[in-house]
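Now for the letters of each chain:
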Amino acid sequence: MDDILPNGGKSLDVLIIGKVPAPTSVKAGHYYQGSQGQFFWKKLKEYGLLNIGAHIYEDNALLGNNWGITDVVKEPNEFSDEPTAEEYRKGLQRIKSLLGKHKPRIVVFVYKKVLDCLIGRKSVYGFNLGLDCEFGTSKVFVFPMKGTPCKKELQLKVMDELKKEIELIRKNK
């Protein structure tokens, strides 16, 4: 699947980074069409983070919200098929290039394990203070995906933090 990014070097408020395009999403022609992906979109809408019109796919609303989306590995694969160390290395180079070009204020990693593999150490759910130097000047956020060890209380806390950051970005425009 193609990245959804603005033309030229336009800055983004948020860049979403996934692992690989899922076959379900590739077949539909839209990002995050499986059950976990639908949970991701649902939470963004529930918290008022992404303004989406009725009857459209969520990824069609990204650019209108000044958001973009990409994957570490662009070759479709089943979720359980983990990218190789080399694929992660090349993906990180490509992502850093995108960060330099689009300078997102926040980078949202959909999966904690993806960020852990990219940086070679453990991250935390929510904002990862100190990682902005590794990702340009972007604040780094790990999404609290269902089915992970992220407890409900932490999920609520970090989603509230993300909402406050995005509201602050919108207010300062």
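In case you missed it, the structure is sitting above this.
Residues numbered from 1 in each chain as written. Predicted model: local features only at pLDDT ≥ 70, side-chain atom pairs only at ≥ 80, totals over all residues. Heavy atoms only, no water.

**Student:** Any chance you could explain the overall build of the protein chain here in plain terms?
**Tutor:** A tally of helices and strands in the protein chain yields five helices and five strands. When the helices and strands of the protein chain are listed from N to C terminus, the series reads β-α-α-β-α-β-α-β-β-α. Whereas a compact globule of 173 residues would reach a radius of gyration of roughly 16 Å, the protein chain reaches 15 Å, a difference of no more than 12%. Summarising its shape, the C-alpha atoms of the protein chain cover approximately 40 × 40 × 40 Å along the three principal directions. Taking all 173 residues of the protein chain together, the buried fraction comes to 48%. Taking all contacts inside the protein chain whose residues are at least 6 apart in sequence as the whole, residues at least 24 apart take part in 70%. As presented, the protein chain carries roughly 8,900 Å² of accessible surface, and 54% of it is formed by carbon and sulfur atoms. In the protein chain, 28 side chains carry a positive charge and 21 a negative one; their mean positions are 4 Å apart. (Helix = DSSP H or I, 4+ residues; strand = E, 2+ residues; numbered from the N terminus. Rg over C-alpha atoms; globule rule 2.2 N^0.38 Å. Buried < 20%, exposed > 50% of the residue type's maximum accessible area, 1.4 Å probe, protein only. Contact = heavy atoms within 4.5 Å. Areas by Shrake-Rupley, 256 points an atom, 1.4 Å probe, with all protein chains shown as cover. Lys, Arg positive; Asp, Glu negative; His and termini not counted. Charge placed at Lys NZ, Arg CZ, Asp CG, Glu CD.)

**Student:** Could you clarify how one ought to interpret the sheet that holds strand β3 (residues 106-109) in this entry?
**Tutor:** The strands making up a sheet are joined through hydrogen bonds of the backbone, oriented either antiparallel or parallel. Read from one edge of the open sheet, five strands run β2-β1-β3-β5-β4, paired in mixed fashion. At either end of the open sheet lies a strand with only one pairing partner, and these are β2 (67-71) and β4 (126-127). Bridge count between β3 and strand β5 (residues 139-142): four bridges; the pairing is parallel. The partner of Val108 across the bridge, within β5, is Phe141. (Pairing = 2+ DSSP bridges.)

**Student:** Is there a simple way to think about the environment of Gly68 in this case?
**Tutor:** Among the secondary structure elements, Gly68 is positioned in strand β2. In the structure, Gly68 is positioned 73 residues away from Phe141 in sequence and 15 Å away in space, judged by C-alpha atoms. What Gly68 contacts, discounting residues up to four positions off in sequence, is Ile4, Leu5, Leu12, Val14, Leu15, Ile16 and Leu62.

**Student:** Whenever I open this one, the nonpolar core confuses me. Can you help?
**Tutor:** In this structure, Ile16, Phe40, Trp41, Trp67, Ile106, Phe109 and Phe141 are the most contacted members of the largest nonpolar core, which totals 52 residues. Put simply, the parts of the chain that give this core at least two residues each are β1 (14-18), α2 (35-46), β2, α3 (85-102), β3, α4 (112-119), β5 and α5 (152-171). Contacts of Phe141, omitting those with residues within four sequence positions, involve Ile106, Val107, Val108, Phe109, Gly126, Phe127, Val158, Met159 and Leu162. (Core = buried A, V, L, I, M, F, W, Y, C linked by side-chain atoms within 4.5 Å.)

**Student:** Whenever I open this one, the packing of aromatic side chains confuses me. Can you help?
**Tutor:** The geometry of an aromatic ring pair is captured by two quantities: the separation of the ring centres and the angle between the planes. Enumeration over the complete set of coordinates arrives at eight aromatic pairs. With a centroid separation of 6.3 Å and 75° between ring planes, the pair formed by Phe39 and Phe143 is classed as edge-to-face. Taken together, the positions of Phe39 in helix α2 and Phe143 in the loop between β5 and α5 put the pair 104 residues apart, joining distant regions of the chain. For Phe143, a relative accessible area of 1% translates into the label buried. On the basis of an interplanar angle of 65° and a centroid distance of 5.0 Å, the ring pair of Phe127 and Phe141 is categorised as edge-to-face. Of the two residues, Phe127 is situated in strand β4 and Phe141 in strand β5; the sequence distance between them amounts to 14 residues. (Phe/Tyr/Trp six-rings, centres within 6.5 Å; stacked < 30°, edge-to-face > 60°.)

**Student:** How do you make sense of the pattern of salt bridges when you look at a structure like this?
**Tutor:** A side chain of one charge can pair with a side chain of the opposite charge when the charged atoms of the two come close. Inspection of every chain in the model, using the stated rule, returns 13 salt bridges. Residue Lys19 pairs with Glu82 through a salt bridge whose shortest N-O separation is 3.2 Å. Pair noted here: Lys19 is in the loop between β1 and α1 (23-28) and Glu82 is in the loop between β2 and α3, with a separation of 63 residues, a long-range link. Its relative accessible area of 31% is what places Glu82 among the partly exposed residues. (Salt bridge = Lys/Arg side-chain N within 4 Å of Asp/Glu carboxyl O.)

**Student:** Help me understand α3, please; the structure alone is not making it clear to me.
**Tutor:** Since the α-helix packs 3.6 residues into each turn, any two residues three or four apart lie on the same face. Relative to the 26 Å expected for 18 residues at 1.5 Å per residue, α3 spans 25 Å between its end C-alpha atoms, a close match to the ideal helical length. Among the residues of α3, those classed as buried are Tyr88, Gly91, Leu92, Ile95, Leu98, Leu99 and His102. The buried residues of α3 all sit within an arc of 125° when viewed along its axis, so they share a single face. Those residues of α3 hidden inside the fold are in contact with β1, β2, β3 and α4. One or two steps after α3, the chain reaches Lys103, where phi turns positive at roughly 40°. (Expected span 1.5 Å × (residues − 1). Arc of directions from axis to C-beta.)

What is shown is where atoms sit, not what they do.
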